[in-house]
Each structure stands twice: as C-alpha cells, then as structure tokens.
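# Tertiary structure, described
Letter by letter, the chains look like this.
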Amino acid sequence: MNSIKILDNETLTQVKLLPTVIEITSQEQRMIKDAAIHLQKKYGNYENRDFIRHVHQLASYFLPERILNIAADFASDFSKNQYGALIFKGLMEIDQENIGSTPPNWQSADYSKFNLYGFACALIHGALPSKPVQYYSQRQGGGLIHAIIPDEKMRETQTGSGSSTDLYVHTEDAFLKHQADFLSFMYVRNEEQVPSTLYSIRSHESIGENYRPLFDRIYKIPKDANLETEQNEVDTLDSVLYGNYKLPFMRFDAAEQLFNSSIKQTEEAQQYLTEFWEEARHLIYSGFTPQAGDVILVNNHLCAHGRSAFRAGVRNIDGIEHPCERRIMLRMMSKVSLIDMRAHTLTEDPFFVIEEHLGKNFQHL
Ligand code: RE
C-alpha cells in the first residue's frame, strides 16, 4: 500500500495505512444500476421491510462478484492491516438534473429522488452482511437514509448540517452501546470539493500496549450536539477502546470527549485522552475528496470520520470563487445483528433503535 505525507502544523507525519480504493468498472456500475432499477420496480421504496429483510440474499444475487468478495472480507477483517474504510469510486452515476437544486436543509429534501441510490447503498450493506437500521437518537429515526445537507442556520454546529467549522473525527454515536457497525456515505454532489477526513485506530503503532488505560471504563461519553441535553447525564462511564487488547476497536468523539468542557472528565481520564489525541490527530487522513457517485464505507468500530470546514455553495477554481450547488451526501447505517440489540429496538420494528445513552432507552417510546 502506498504511504502518504500529511503536513500538519509543521510536523511531517507518515500515515502508512490507507483506506482501500476500489474503482468500479463500467460493467459493474451497470449491474448495480440495473439491480437498483429492478428492485425499485419490485419493492417500490428501499424502506420496504420486505426488501430489507431479504437484503442479504438480494445482494448475493445482484451484486458483482468482486464487490461481494471485497465486502465479505471487509466485514470480518480486523487485522492490523485493515484500515476500516473502503472507497468505492463511481458506484453509481448520479442524475444531477433529476436531483435539481440542493434544498436549503435536510428537512425539505425530496427523498423520492434518492430512492434508487438507497437501493444501491442497502445492497452494499447487505453484502457485508449487515442490516440497514435507523436510530431514534438521530432525527427521531427519519428513515434508513439521512440526507446530509449544509444548512445556513446550522453552519456553526458540530453536526452533519454544519459547514463553517471542522467536524472533528468521531465514530458515529459513540455514546451508544449499540452504535452502527457499518456506515456508508454516498456523495450525490460535492461541488465544493470538500475532502473527507478519516482516522483509523490501526494507524497507531502498537495501540494496545501504549494506551492500556483507554480500555478502562473511566470515561464520560456524552450524547452529541444533535440532542438537547437538559440534564446531560454523564455519570455512566465507558471505555474508549474495547474488544481485542492488541488490535482493539474504539468509541471516540474528539469534540465530545475531549473538547466539551461542560462534561468534566476526571483529571486522570482527561490526561489519557489528551495523550491519545496528541498522537491521533497526526494520523488523520484527508487525502480523498469524494466526487458525485462515490461511496465511502466504514467499519464504525475501526475508523472514525469527519470533515474539514468549507463554504457551502462556493467552489474555488484556481483561486477564483464560483457559486455552485451545495453538497448532498446520503448516510446509511447498519447492524450485523438484530438480536444483540433487541432490548433497544421498537417492539414492532427491530430495525429501529431507541437507545438514548449507553444502554438506556428513550423512556417515552
Ligand atoms: Re458522523
């Protein structure tokens, strides 16, 4: 694998391990598109539970064999060489004209325009195999796909709707025991040419030995900026690293665990987190700028994601600023097992997660 140099505050750091890039061939692209069209005819909408229930079988039947093999390997490879992110370049061709002008925010998005892309993304998760799910903690559910669109009113926030500040690297829903196992980000448009940031726990040398205290359950893992937190109960503690001691998984959100001063980690916890971040922040990779039709697939236990600050609706070409359509990204989340998290899903819908914070459910649901 190639290595890349990132210049970060006068420090030249070598990130040796990189996400795997898969160039989708035109033949594969055609297969995926034909599958999506066929499934749309049969099931109508990617939300259709009959489709989601059969998503693994359908993925095996319709997806190109090379992609099935890559997905199967990715889902069970936690080795030291596994970055935890796959980049599918050109998974789908995006009909920009049909999408039309970017709506002012996700609330006003017309999801029927994303239907075909929803089928394609679901098939990729199905191939892992992992089941698309939704979380009440994000948009009170809001469906299996969330359109991520910069919102002028939210520009300063650490949410998907923000733009003017860096979105710190985080694993999704670090404050949940049953956070997504896999995430996909499909770029419908990225005319601003905003690079994605990725950070893999595998980029550290011998993490397990050097950061043993991160396995202790002494850290406050607060709910994120999307949730109003009247009485943000941060009394439940958990670990940042878990799983295998040599090659661990992580639940990590720099903005919430380190820089949210209101939560007050203990002095000890803060110190371990700070030391960890000192190393981690040099290992962030932002060498990939997604283009329309690209999909980034991440293992949410291995790889954190974020985004640099940008000006929504402005494209810079050779130093000259041009107005452009604002960015649209489609996020899908999935779980490998519906059984493990059954205590935290709706009685009538095991694909709908109602965990609020570290094992505690929303009470009113
Ligand atoms: Re995220």
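For clarity, every value in this text was computed on a predicted model and none was experimentally measured.

## Let's talk about helix α9 (residues 267-280)
- Here α9 contains 14 residues, and its C-alpha end-to-end distance of 20 Å stays within 8% of the 20 Å for a straight helix at 1.5 Å per residue.
- Residues Ala-269, Leu-273, Phe-276, Trp-277 and Ala-280 constitute the buried set of α9. One side of α9 carries all its buried residues, which in axial view fall inside an arc of 100°.
- Residues of α9 that are buried sit in contact with β7 (167-170), β9 (196-200), α7 (207-210), β10 (219-220) and α8 (254-258).

## Examining helix α1 (residues 26-43)
- Between its terminal C-alpha atoms α1 stretches 25 Å, which fits the 26 Å expected from 18 residues at 1.5 Å a residue.
- Of all the positions in α1, only Glu-28, Ile-32, Ala-35, Ala-36, Leu-39 and Tyr-43 are classed as buried. One face of α1 carries all of its buried residues, which in axial projection span an arc of 100°. Opposite the packed face of α1, turned more than 90 degrees from it, sit the exposed residues Ser-26, Gln-27 and Lys-41.
- Count one or two residues on from α1 and you reach Gly-44, which has phi positive near 80°.

## Digging into the nonpolar core
- Membership of the largest hydrophobic core comes to 105 residues, with the highest contact counts inside it found for Phe-51, Phe-88, Leu-91, Tyr-199 and Phe-252.
- It is helix α6 (residues 115-127) that provides the largest number of residues to this core, a total of nine residues.
- If we skip the residues at most four places from it in the chain, Leu-91 touches Ile-24, Gln-29, Ile-32, Ala-120, Ile-124, Met-186, Gly-293 and Val-295.

## Re the sheet that holds β9
- Across the sheet, which stays open at both edges, the four strands sit in the order β7-β16-β9-β14 with antiparallel pairing between neighbours. Edge strands, defined here as strands with exactly one partner in the open sheet, are β7 and β14 (285-288). Between one strand axis and the next, the sheet turns by 25° as a mean value, whatever way the strands run.
- Looking at chain direction, β7 and strand β16 (residues 303-307) are connected through two bridges and run antiparallel. Bridge pairing links Leu-167 to Arg-307 in β16.

## Brief notes about the confidence of the model for the chain
- Residues of the chain with pLDDT of at least 70 account for 93%, and the chain-wide mean is 93.
- Note on residues 1-12: pLDDT under 50 across the span, and 28 contacts to partners over four residues away in sequence or across chains.

About the criteria used
Residues numbered from 1 in each chain as written. Predicted model: local features only at pLDDT ≥ 70, side-chain atom pairs only at ≥ 80, totals over all residues. Heavy atoms only, no water. Helix = DSSP H or I, 4+ residues; strand = E, 2+ residues; numbered from the N terminus. Expected span 1.5 Å × (residues − 1). Buried < 20%, exposed > 50% of the residue type's maximum accessible area, 1.4 Å probe, protein only. Arc of directions from axis to C-beta. Contact = heavy atoms within 4.5 Å. Core = buried A, V, L, I, M, F, W, Y, C linked by side-chain atoms within 4.5 Å. Pairing = 2+ DSSP bridges. Axes fitted to C-alpha atoms, helices over the stretch in contact; angles between N-to-C directions. pLDDT = per-residue confidence, 0-100.

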